[in-house]
Amino acid sequence: MKQLKIGNVLLENSYVLGPMAGVTDLPFRLLCKEQGAGLLCMEMVSAKGIFYNNKNTESLLQIHPEEVPVSLQFFGSDPKIVSEMAKRVEERPFSILDINMGCPVPKVVRNGEGSALMKNPKLVYELVSATVKAIKKPVTVKIRKGFDDEHINAVEIAKIIEEAGAAAVAVHGRTREQYYSGKADWEIIRQVKEAVSIPVIGNGDVTSGEKAIAMREQTGCDGVMIARGAQGNPWIFSELLEYERTGRLPDRPDVEEIKQTMLRHARLQIEYKGDFTGIREMRKHVAWYTKGLHGAARLRDQINQVESYAELENLLTSL
């Protein structure tokens, strides 16, 4: 099994659950860990939110002992605030601190954060350098191919990130303007891999064992990040590992296993977020879990009316 070392952190394997706001919360990360994910990335956290002691930010920082190693992802554009807040939380049990330079969401980009940082190479250096100096834990950065088709600069930004002292870089093969549409460009991941000596983690369109191996072969990347391919599909990690070991894909989980995983996911959501929030947050997950199953369209119509665990359990009996 191919291991991956990021700074002083040795991962059991090179498959990484990518950070997704509203998705990679603690309950979902635990399910992916059980399926064999080598590294779990948390939902992105605002450095300013920590600075201003925002109570919602505190809940995003929760880490369970069984999910380690995890990567805590910050977003922000002020080197002083990002580095000082990294130092403030360093005692928490995360293994790696990641800086988000890939988020395409307008309100983040308008603040000069997320993927907007790729338009400002000087600030990228200052941000990464200040954070690396502030903490002992490895610092990594997640970037995109570029901001738009006129500004494809992942290679330049990756070199700056390496020079600033980061321990690894993850590259999503789409521009900010693409969001998540179209096809991910794996060629840009290969170019970044050839340009830097720190580990490069490829991201974009990996939904199966075959695609993970193909990305590795085409790009030479050191690790593979799976984000949307894991939505409603924590089993993708065990499938990736099995495919890497044997060259064969295991059978997909049957309806009963999917159903039991959904119910367990719901119980974890309720345990960590309470009945009201937990069940409401399960609605999108249920839509993902049931995609392609018989009766899924009808179930997706009904899931938005579900307000309790008992109602969810009752609804899933029809699967």
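Per an unreviewed UniProt entry, the protein chain goes by the name tRNA-dihydrouridine synthase and belongs to Mediterraneibacter gnavus. According to its UniProt record, the protein chain has this under Sequence similarities (unreviewed entry): "Belongs to the dus family."

Asks: Would you mind going over the domain arrangement of the protein chain with me for this structure?
Replies: A common way to report how large an interface is uses the accessible area buried once the components associate. Here the protein chain is partitioned into domain 1 (2-244) and domain 2 (253-315). Taking the mean C-alpha position of each, domain 1 and domain 2 sit 28 Å from one another. Between domain 1 and domain 2, the residue contacts involve 17 residues of the former and 15 residues of the latter. Taken together, the two surfaces of domain 1 and domain 2 that pack against each other cover about 1400 Å², and 64% of this comes from carbon and sulfur. Three residues, P27, L31 and W235, lead the burial of domain 1 against domain 2; their summed loss comes to 39% of the area buried on that side. The tally of links from domain 1 across to domain 2 stands at two salt bridges. Taken together, the links from domain 1 to domain 2 amount to five residue pairs in polar contact (both at pLDDT 80 or more). Among the elements that make up the side of domain 1 that touches domain 2, the one with the highest residue count is helix 1 (residues 26-34) (six residues). Counted by class, the side of domain 1 that touches domain 2 contains eight nonpolar, six polar and three charged residues.

Asks: When you look at the packing of aromatic side chains in this model, what are you seeing that I'm missing?
Replies: Aromatic ring pairs are described here by two measures, namely the spacing of the ring centres and the angle between the planes. Scanning the model with the defined rule gives two aromatic pairs in all. Ring centres of F51 and Y52 lie 5.0 Å apart, and the angle between their planes is 80°; on these two criteria the pair is classed as edge-to-face. The side chain of R280 reaches across the aromatic face of F276, ending 3.7 Å from its centre.

Asks: What is the right way to read the side chain of H172 from this model?
Replies: Relative to the helices and strands, H172 resides in strand 9 (residues 168-175). Take H172: its relative accessible area is 4%, and that puts it in the buried class. Setting aside chain neighbours within four positions, we find H172 in contact with K142, I143, R144, K145, Y179, Y180, N203 and G204.

Asks: In this structure, what is going on with the packing of helix 11 (residues 255-289) against helix 13 (residues 309-316)? I would like to understand it.
Replies: In a pair of packed helices, the angle between the axes and the distance between the axes together describe the arrangement. Orientation of helix 11 relative to helix 13, taken along the N-to-C sense of each, is 160°, at an axis distance of 11 Å. The pairing of helix 11 with helix 13 is recorded here as roughly antiparallel in orientation. Note that helix 11 runs across helix 13; the crossing there is right-handed. Contacts between helix 11 and helix 13 involve K259, M262, L263, A266, R267, I270, I279 and V286 on the former and, on the latter, Y309, L312, E313 and L316. Residue composition of the contact of helix 11 with helix 13, by class: nine nonpolar, no polar and three charged.

Asks: Where do I start with the UniProt feature "binding site: FMN" (unreviewed entry) in the protein chain in this structure?
Replies: Per the UniProt record, "binding site: FMN" (unreviewed entry) is found at P19, M20, A21, Q73, K142, H172, A227 and R228. Residue position: M20 is located in the loop between strand 3 (15-17) and helix 1. Assessed through its relative accessible area of 8%, M20 is described here as buried. Apart from residues no more than four positions distant in its own chain, M20 is found in contact with E43, A227, R228 and Q231. Relative to the assigned elements, Q73 resides in strand 6 (residues 70-75). Not counting chain neighbours up to four residues away, the residues in contact with Q73 comprise P19, M42, E43, M44, V45, D98, I99, N100 and K142.

Asks: How should the pairing of strand 6 be read in this particular structure?
Replies: Within a regular strand, side chains alternate between the sheet's two faces. Across the six residues of strand 6, six count as buried, placing the element largely inside the fold. Here strand 6 shows two buried faces, one formed by V70, L72 and F74 and the other by S71, Q73 and F75. For strand 4 (residues 39-41) and strand 6, the ladder comprises two bridges, and the chain directions are parallel. Within strand 6, the position partnered with L40 by the bridge is V70. The pairing of strand 5 (residues 45-46) with strand 6 spans two bridges and is parallel.

Asks: Even after reading the chapter, I still don't get the environment of K33, so can you show me in this structure?
Replies: Following the sequence through the fold, K33 ends up in helix 1. The spacing of K33 and I188 is 155 residues in sequence and 29 Å in space, taken between C-alpha atoms. Contacts of K33, omitting those with residues within four sequence positions, involve L40, E66, E67, V68 and P69. Reaching out from K33, the side chain makes a polar contact with the backbone oxygen of V68 at a distance of 3.1 Å.

The rules behind these values
- Residues numbered from 1 in each chain as written.
- Predicted model: local features only at pLDDT ≥ 70, side-chain atom pairs only at ≥ 80, totals over all residues.
- Heavy atoms only, no water.
- UniProt positions renumbered as here; feature names shortened; annotations may be inferred.
- Domains from an automatic or database assignment.
- Contact = heavy atoms within 4.5 Å.
- Buried area = accessible area lost by both parts, 1.4 Å probe.
- Salt bridge = Lys/Arg side-chain N within 4 Å of Asp/Glu carboxyl O.
- Polar contact = N/O pair within 3.5 Å; in protein donor to acceptor, adjacent residues only side chain to side chain.
- Helix = DSSP H or I, 4+ residues; strand = E, 2+ residues; numbered from the N terminus.
- Nonpolar A, V, L, I, M, F, W, Y, C, P; charged D, E, K, R; others polar.
- Phe/Tyr/Trp six-rings, centres within 6.5 Å; stacked < 30°, edge-to-face > 60°.
- Lys NZ or Arg CZ within 6 Å of the ring centre and 35° of its normal.
- Buried < 20%, exposed > 50% of the residue type's maximum accessible area, 1.4 Å probe, protein only.
- Axes fitted to C-alpha atoms, helices over the stretch in contact; angles between N-to-C directions.
- Parallel < 35°, antiparallel > 145°, perpendicular 65-115°, else oblique.
- Left-handed = near helix turned anticlockwise from the far one by under 90°.
- Pairing = 2+ DSSP bridges.

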